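Working through the structure, step by step
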Amino acid sequence: MSSPSKRRDMDLMKLMMSDYKVEMINDGMQEFFVEFHGPKDSPYEGGVWKIRVELPDAYPYKSPSIGFVNKIFHPNVDEMSGSVCLDVINQTWSPMFDLVNVFEVFLPQLLLYPNASDPLNGDAAALMIRDHATYEQRVKEYCEKFAKPEDIGAVEEKDSSEDELSEDDYASSDDAIVGQPDP
């Protein structure tokens, strides 16, 4: 059986090799951010969130701590702290799951199928039950206001040729000094 630290490192590498942008916090491999995109065909489509992940020492035997850094309007996510209420992470976690499962299955399922009967955000849950169309509109407003790439510090990729210096840019005023004799 491999040690928890080897499994943690392997799962993190697997996540980094997938299509997710991972940004480490500090020098260890226990805390990091992951860029997460809202699932297609949902009111969250087009939204981009920075997810903070903390892996306990006992990972994978103990579940990771998952939280949204930028705001999201969802019954099962605390609006202020970003904490996630998701049974599979909080109660039924198994070492058979890995970090890729969290981002490819668990979080998309959470956004696609919110559970208004077990809310962390009572306002979102009440609105979802009372007026689903208005709830979806509020979700889209939050996406527009708080879940754009610039809201998580992502920078659009620039064409690399813009950053390259031409040979003329390398010329310096030192050339004039080099060949002159001392007075």
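Note that the coordinates shown come from a computational prediction; the quantities given were computed from them, not determined experimentally. (Residues numbered from 1 in each chain as written. Predicted model: local features only at pLDDT ≥ 70, side-chain atom pairs only at ≥ 80, totals over all residues. Heavy atoms only, no water.)

A word on the packing of helix H4 (residues 122-130) against helix H5 (residues 132-146)
- At their nearest, the axes of H4 and H5 sit 5 Å apart, and the two run at 135° to each other. Taken together, the axis directions place H4 and H5 in an arrangement best described as oblique. Counted together, Ala124, Leu127, Met128 and Arg130 of H4 and His132, Thr134, Tyr135 and Arg138 of H5 form the full contact between these two elements. (Axes fitted to C-alpha atoms, helices over the stretch in contact; angles between N-to-C directions. Helix = DSSP H or I, 4+ residues; strand = E, 2+ residues; numbered from the N terminus. Parallel < 35°, antiparallel > 145°, perpendicular 65-115°, else oblique. Contact = heavy atoms within 4.5 Å.)

Regarding the environment of Ser83
- Residue position: Ser83 is located in the loop between strand E4 (65-68) and helix H2 (87-90).
- Overall, the relative accessible area of 33% leaves Ser83 in the partly exposed class.
- Between the alpha carbons of Ser83 and Ile66 there is a distance of 6.7 Å; along the sequence they are 17 residues apart.
- Every residue in contact with Ser83, bar those within four places of it in the chain, is listed here: Ile66, Asn76, Val77, Asp78 and Leu120.
- Looking at Ser83, its side chain comes within polar contact range of the side chain of Ser81, at 3.0 Å. (Buried < 20%, exposed > 50% of the residue type's maximum accessible area, 1.4 Å probe, protein only. Polar contact = N/O pair within 3.5 Å; in protein donor to acceptor, adjacent residues only side chain to side chain.)

Notes on the UniProt feature "active site" (unreviewed entry) in the protein
- As recorded in UniProt, the feature "active site" (unreviewed entry) lies at Cys85.
- Relative to the elements of secondary structure, Cys85 occurs in the loop between E4 and H2.
- What makes Cys85 buried here is its relative accessible area of 18%. (UniProt positions renumbered as here; feature names shortened; annotations may be inferred.)

Digging into helix H1 (residues 4-17)
- Given a rise of 1.5 Å per residue, 14 residues ought to cover 20 Å, and the 20 Å separating the end C-alpha atoms of H1 matches this to within 8%.
- Along H1, the positions that sit buried rather than exposed are Arg7, Arg8, Asp11, Leu12 and Leu15. Taken down its axis, H1 places every buried residue within 130° of arc, on the same side. Every exposed residue of H1 that faces more than 90 degrees away from the buried side is listed here: Lys6, Met10 and Met17. (Expected span 1.5 Å × (residues − 1). Arc of directions from axis to C-beta.)

A closer look at the packing of aromatic side chains
- Counting across every chain of the model gives 10 aromatic pairs.
- Ring centres 5.7 Å apart and planes at 50° place the aromatic pair Tyr20 and Phe103 in the tilted group. Residue Tyr20 is located in the loop between H1 and strand E1 (22-24), and its partner Phe103 is located in helix H3 (residues 99-112); the two are separated by 83 residues in the primary sequence. An identical accessibility class is assigned to Tyr20 and Phe103; each is buried. (Phe/Tyr/Trp six-rings, centres within 6.5 Å; stacked < 30°, edge-to-face > 60°.)

Considering the pattern of salt bridges
- Summed over the entire model, instances satisfying the criterion amount to 6 salt bridges.
- Lys148 serves as the salt-bridge partner of Glu144, at 3.6 Å between the closest nitrogen and oxygen.
- When salt bridges with common partners are traced through the structure, they connect Glu31, Arg52 and Glu54 into a single cluster. (Salt bridge = Lys/Arg side-chain N within 4 Å of Asp/Glu carboxyl O.)

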